[in-house]
Amino acid sequence: MRIVIWHGYLLGGTGSNVYTRSLARAWQRLGHEVTVVCQEPRPELFDLGGATVVRPDIGDVLPVFVLDRYEGVEARLLPDLTVEQREDFVARNAAAIRELPRPDVLLTNHVLLGAPVGAATGLPFAVKAHGSELEFAMRGNADLCAWARESLASARLVVAGSEHIRTVLDEVPGPGAYSDRVRVTPPGVDVDALVPAEREPALTALLEQCRQDPPNPPDHHDERRPDAGNAERLGELLATAEPTVVYVGKLSEEKGVALLLRAVSRLKARAVIVGFGPARAQLVALAEELGCSDRVLFTGPLEHRHLAHLWPLARVSVVPSIFPEAFGMVAAEAASCGCPPLVARHSGLAEIAEGLAAEYPPACRHLAAFDTGDVDDLTGKLGELLDLPRSRWLELSAAARQAAEARWSWQRVAGEILAAMSDAGNDSV
C-alpha cells in the first residue's frame, strides 16, 4: 500500500515529530511504501525504516503553536498569520502532495494545518489531532475554530490519541460533520527497541551513544542537539547505584519541570533532565537555588538511541505536566523500558495512569499518578517509588512493560489506524 504522511514540522524532539517518524517506520516495516512530507532538513539522522522524505518549499514562514527556533525559516504563531499566509502555506504543501504518486492512504498531522492541507489535495484523507494545535493556537480563536470545522468536514477519519482529545475536539472547534468520524487510537511505542536492561550493559551503551554525538561546542551551541560532554557528565553522575529520576520532554513552563526539581530537592535522589526549550536557564537557576544542582544533570535533547539505555538506569520516569496533554508518549516509552512512570493525573496522562494501574499489584496502583501541580503529593509518591524494596520494584517494572506491550505497541497502533480508515469508508483502501 502507498501511504503519505504529511507533517508540517521536523522529525526530532517533540511528541508529534516522534509520532510521525515512528508511525512511518511501523508502516514501512509492515511492508507498505511510505513517504513523509515534512520540513526536516536532515532526515538521514532518523530511522524511518526506509521511508522516503520530501521537503516542500514553504517560503519564509513556518506556522507554529509554540515559538521555537527553526533553521532557514521564520517561526510565527499560527494565530498571528494573515489569511493569505495561511492559505499560501496550505497551497504549497497540498501541491507537493499532489506531485507524488497518488497514495492509497493520506494521513495529515494536526487539525490545523493538517485538515486544510488534506482538504486542499482533493484526495481522501485522515487527520491526526495532537492537542498542541487545539490548546495553544485554536482555543478561544473563533476564526481558527471555524476554519478547522470546515476543513475537518472533508476528512474520512479523525484520529484522537485519547478520550481527552476527543473531548477537546468537542470543546474547541466544536461538534461538526466530522464528529461521528472521530476514532481514539493512542500513540505507540517501539517495544522491540525500548526494552528493560541490566544496569552495567545499559550504562556502557548509553555512554557509547553519547560519545557518538556530533560536536556541539558552547560557543556555537545548538539547543536541538545533545550537550557536549554528556558521556563524561552522565558517567560521573551515574557511577553509583543511587536512585535516579528521569524527565524527558520540552523545557517550558507548562511541562511542570520546576515542580519535579522541588520534589527532587526534598529527596535522596538524583535527576537527569532531558530536553530543550525556553525555560532551561530558569530551571538550571532553580536547581541551584534549591541546593540540588549537584544532583541534577541537564543533557539537552536525546534521541531514542540514548533513551533506550537511559530509562533502564532510572527508578522512575516523571511526567509532571501542568497543562493538558494529548497522551503521554514518553511515559509509555519509559514503561516499555521497565521504568515505572509517575504522571500528573489529568487529560491524556490520566489514561496512561489507568493503563499502568490495571497491570500494577493492587498495593501499588496509587503510584501511577499524582495530583496535578501538587508538589507534596509528587514528593510523597516519588519517595514511595524510590524506597520500594528491590523485589517489589521489579514487580512494578515488569507490570509497566506488560502495559506497554499490551496497549501501546506501534505495530498494533499502525494496524488500528489503517483498519479505522478502512472502516471509515476510504474508497482507496
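Heads up: the structure comes first, above all this text.
The numbering scheme is per chain: residues are counted from 1 as the chain's sequence reads. A pLDDT threshold of at least 70 governs which residues receive local features in this predicted model, and a stricter bar of 80 or more applies before side-chain atom pairs are shown or counted, although totals over entire chains, interfaces and linings include all residues. Computation of side-chain values covers all heavy atoms of the structure but excludes hydrogens and water.

### Section: the state of the cysteines
Here is the idea: a disulfide is a covalent bond, and it sits between the sulfur atoms of two cysteines. Note the threshold: When two cysteine sulfur atoms lie within 2.5 Å, the pair is treated as a disulfide. A simple rule labels every residue: compare its accessible area, found with a 1.4 Å probe on the protein chains alone, to the largest value its type can have, and call it buried under 20%, exposed over 50%, or partly exposed in between.
Throughout the structure, instances matching the rule amount to 0 disulfides. No disulfide involves Cys 339; its sulfur sits 7.7 Å from that of Cys 337, the nearest cysteine. Exposure remark for Cys 339: the relative accessible area of 0% places this residue in the buried category. You can see Cys 364 has no disulfide; the closest cysteine sulfur is in Cys 339, sitting 15 Å from it. Among the residues examined, Cys 364 registers a relative accessible area of 3% and is labelled buried.

### Comments concerning helix α16 (residues 410-423)
Worth spelling out the cut-off: The secondary structure listing takes helices from DSSP runs of H or I that are at least 4 residues long and strands from runs of E that are at least 2 residues long, numbered from the N terminus. To estimate the expected span of a helix, subtract one from its residue number and multiply by 1.5 Å. Within this analysis, the arc is defined by the directions that extend from the helix axis to the C-beta atoms.
Compared with the 20 Å implied by 1.5 Å per residue over 14 residues, the 20 Å span of α16 between its first and last C-alpha is a close match. Within α16 the residues assigned to the buried category are Trp 410, Val 413, Ala 414, Ile 417, Leu 418, Ala 420 and Met 421. Down the axis of α16, the smallest arc covering the buried residues is 160 degrees, so these residues share one side. Those residues of α16 that are exposed and angled more than 90 degrees off the buried face are Gln 411 and Asp 423.

### Describing the pattern of salt bridges
Where we set the bar: Salt bridge criterion: a side-chain nitrogen from Lys or Arg within 4 Å of a carboxyl oxygen from Asp or Glu.
This structure, assessed with the given rule, holds 25 salt bridges. Across the salt bridge formed by Arg 21 and Glu 303, the nearest N and O atoms sit 3.0 Å from each other. Here the residue Arg 21 occupies a position in helix α1 (residues 15-29), and Glu 303 occupies one in the loop between β12 (296-300) and α11 (304-310), the gap between them amounting to 282 residues. In this structure Arg 21 comes out as buried when scored by relative accessible area, which is 4%. With relative accessibility at 23%, the residue Glu 303 sits in the partly exposed group. Two residues, Arg 92 and Asp 57, come together in a salt bridge whose shortest N-O distance is 3.6 Å. Remark: Asp 57 occurs in the loop between β3 (52-54) and β4 (61-64) and Arg 92 occurs in helix α2 (residues 83-98); sequence separation between them is 35 residues. For Arg 92, a relative accessible area of 30% corresponds to the partly exposed category.

### Description of the pairing of β4
Stated formally: A strand pair is defined by DSSP finding two or more bridges across the two strands.
Where burial is concerned, the two faces of β4 agree: the one with Val 61 and Pro 63 and the one with Leu 62 and Val 64 are both buried. Pairing of β4 with strand β5 (residues 74-77) involves 4 bridges; the strand directions are parallel. Bridge pairing links Leu 62 to Ala 75 in β5.

### Notes on unusual backbone geometry
Going from Leu 112 to Leu 113, the amide bond is cis rather than trans, its omega being 15 degrees. Within the secondary structure, Leu 113 is located in helix α3 (residues 111-121). In this structure, His 110 takes a positive phi of about 75 degrees despite not being glycine. With respect to the secondary-structure elements, His 110 resides in the loop between β6 (105-109) and α3.

### Some thoughts on the packing of helix α12 (residues 329-336) against helix α15 (residues 390-407)
So the rule is basically this: In this description, a line fitted to the C-alpha atoms serves as the axis of each element, helices being fitted only across the stretch in contact, and the angle between N-to-C directions of two axes falls anywhere from 0 to 180 degrees. Under this scheme an angle from 65 to 115 degrees is roughly perpendicular, one under 35 degrees roughly parallel, and one over 145 degrees roughly antiparallel; angles in between are oblique. Helix crossings get a hand from a simple test, with the near helix turned counterclockwise from the far one by less than a right angle marking a left-handed crossing and a clockwise turn marking a right-handed one. Any two residues whose heavy atoms approach within 4.5 Å at even a single point are treated as in contact. Under the grouping applied here, Gly and all other residues not named as nonpolar or charged are polar, the nonpolar ones being Ala, Val, Leu, Ile, Met, Phe, Trp, Tyr, Cys and Pro and the charged ones Asp, Glu, Lys and Arg.
In the contact formed by α12 and α15, the axes pass within 7 Å of each other and the chain directions differ by 120 degrees. In terms of orientation, α12 lies oblique with respect to α15. Crossing of α12 over α15 shows left-handed handedness. In this structure, α12 uses Ala 332, Ala 335 and Ser 336 to contact α15, whose residues at the interface are Ala 400, Arg 401 and Ala 404. Along the lines of polarity and charge, the residues of the contact of α12 with α15 split into 4 nonpolar, 1 polar and 1 charged.

### A short note on the pairing of strand β7 (residues 126-129)
What counts, and what does not: Handedness is read with the strands pointing away from the viewer; a crossover is right-handed when the path from the first strand over the helix to the second is clockwise.
Residues Ala 126 and Lys 128 line one face of β7 and the alternating positions Val 127 and Ala 129 line the opposite face, and both faces are buried. Judged from the 3 bridges that link them, β6 and β7 form a sheet pairing that is parallel. Within β7, the position partnered with Leu 107 by the bridge is Ala 126. For the segment spanning β6, α3 and β7, crossover handedness is right-handed. The pairing of β7 with strand β8 (residues 157-160) spans 4 bridges and is parallel. Considered in β8, the bridge of Val 127 is made with Val 158.

### Here we look at the side chain of Ser 397
Of note, Ser 397 is situated in helix α15. A relative accessible area of 10% means that Ser 397 is categorised as buried. If near-sequence neighbours (up to four positions away) are discounted, Ser 397 is found in contact with Gly 338 and Pro 340.

### Some thoughts on the nonpolar core
Test applied: Residues belong to one nonpolar core when they are buried, are Ala, Val, Leu, Ile, Met, Phe, Trp, Tyr or Cys, and are joined through side-chain atoms within 4.5 Å.
Judged by nonpolar contacts, the single largest core of 108 residues is most densely connected at Leu 23, Trp 27, Ile 273, Leu 356, Leu 382 and Trp 408. Here this core gets 7 residues from one element, more than from any other, and that element is α16. With sequence-adjacent residues up to four places away left out, Trp 408 is seen in contact with Pro 186, Pro 187, Gly 188, Val 189, Phe 327, Ala 332, Ile 352, Gly 355, Leu 356 and Ala 403. Residues Leu 106, Val 117, Val 168 and Val 182 belong to the second largest nonpolar core, which totals 45 residues.

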